[in-house]
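Here is how the chains run, residue by residue.
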Amino acid sequence: MQRRTFLFGLAAAPLLARAAPPSTMKDIEALQKDWKGLLPAGATVPSAEEPLKLSKDEWRKRLPPESFKVLREEGTERAGTSPLNDEKRPGIFACAGCGLPLFTSAMKFDSGTGWPSFFTSIQGAFETKKDFFLIYPRTEYHCKRCGGHHGHVFDDGPQPTGQRWCNNGVAL
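Below you will find a few notes about this structure. (Residues numbered from 1 in each chain as written. Predicted model: local features only at pLDDT ≥ 70, side-chain atom pairs only at ≥ 80, totals over all residues. Heavy atoms only, no water.)

Examining the side chain of E87
Just so we agree on the cut-off: Under the scheme used here, helices are H or I runs from DSSP no shorter than 4 residues and strands are E runs no shorter than 2 residues, and both carry numbers assigned from the N terminus. Relative accessibility under 20% of the residue-type maximum defines a buried residue, over 50% an exposed one, and the middle range a partly exposed one, all with a 1.4 Å probe and only protein chains included.
With respect to the secondary-structure elements, E87 resides in the loop between α4 (65-73) and β1 (92-94). Take E87: its relative accessible area is 16%, and that puts it in the buried class.

Following this line, the structure appears as structure tokens:
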């Protein structure tokens, strides 16, 4: 199955009604844990516990150039260029490198930054590290399964988490 077909299938999965964003941390924890119910019947997903390690050349063959630059070289796509900024369909956002589910559409919000943004992630999907590239420390996050760079977490998101997981669209 092609990655695009897999992702569109996930995007079309039924989801709980998107009335209002969760208002309590208990609601957030439920979102983080109960995402598997959003998968289409019979769908399987890779486990974060099964690492995907490929050579640089294997990644180049597997990924489009823009995705390779972001996921494997920690690049950043230009703001406002991702069609996922306007994506409103219910479903799951998965890693473009390995297919690991990372976010649900119920976690997405319009941050006005030009990148797809989420107020939380699926539990256990990411590993984080400090990034000092712009001199001040930022929290960078990578897919737990393939190590692909996705973006940074900022403390200017909506409540109750106050977080903005700012993700490169080409990494999803």
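Focus on the packing of aromatic side chains
Aromatic rings considered in pairs are described by the distance between their centres and by the relative angle of their planes. Condition: Each Phe, Tyr or Trp ring (for Trp, its six-membered ring) is paired with any other whose centre lies within 6.5 Å, and the angle between the two planes then decides the class: stacked below 30 degrees, edge-to-face above 60, tilted in between. Two conditions define a charge sitting above a ring: the NZ of Lys or the CZ of Arg must be within 6 Å of the ring centre, and it must be within 35 degrees of the ring normal.
A complete count under the given rule lists seven aromatic pairs for this structure. Between F93 and F118, the aromatic rings sit 5.1 Å apart at their centres with planes inclined by 70°, giving edge-to-face as the arrangement. Placement of F93 in strand β1 and of F118 in strand β4 (residues 117-118) is noted, with a sequence separation of 25 residues between them. A residue is classified by how much of its surface remains accessible, and F93, at 7% relative accessible area, is buried. By relative accessible area, which is 0% here, F118 ends up buried. Through successive ring pairs, a cluster of aromatic residues spans F93, F103, F118, F126, Y141 and W165. For R72, the ring lying beneath its charged end belongs to W59, and the centroid distance is 4.2 Å.

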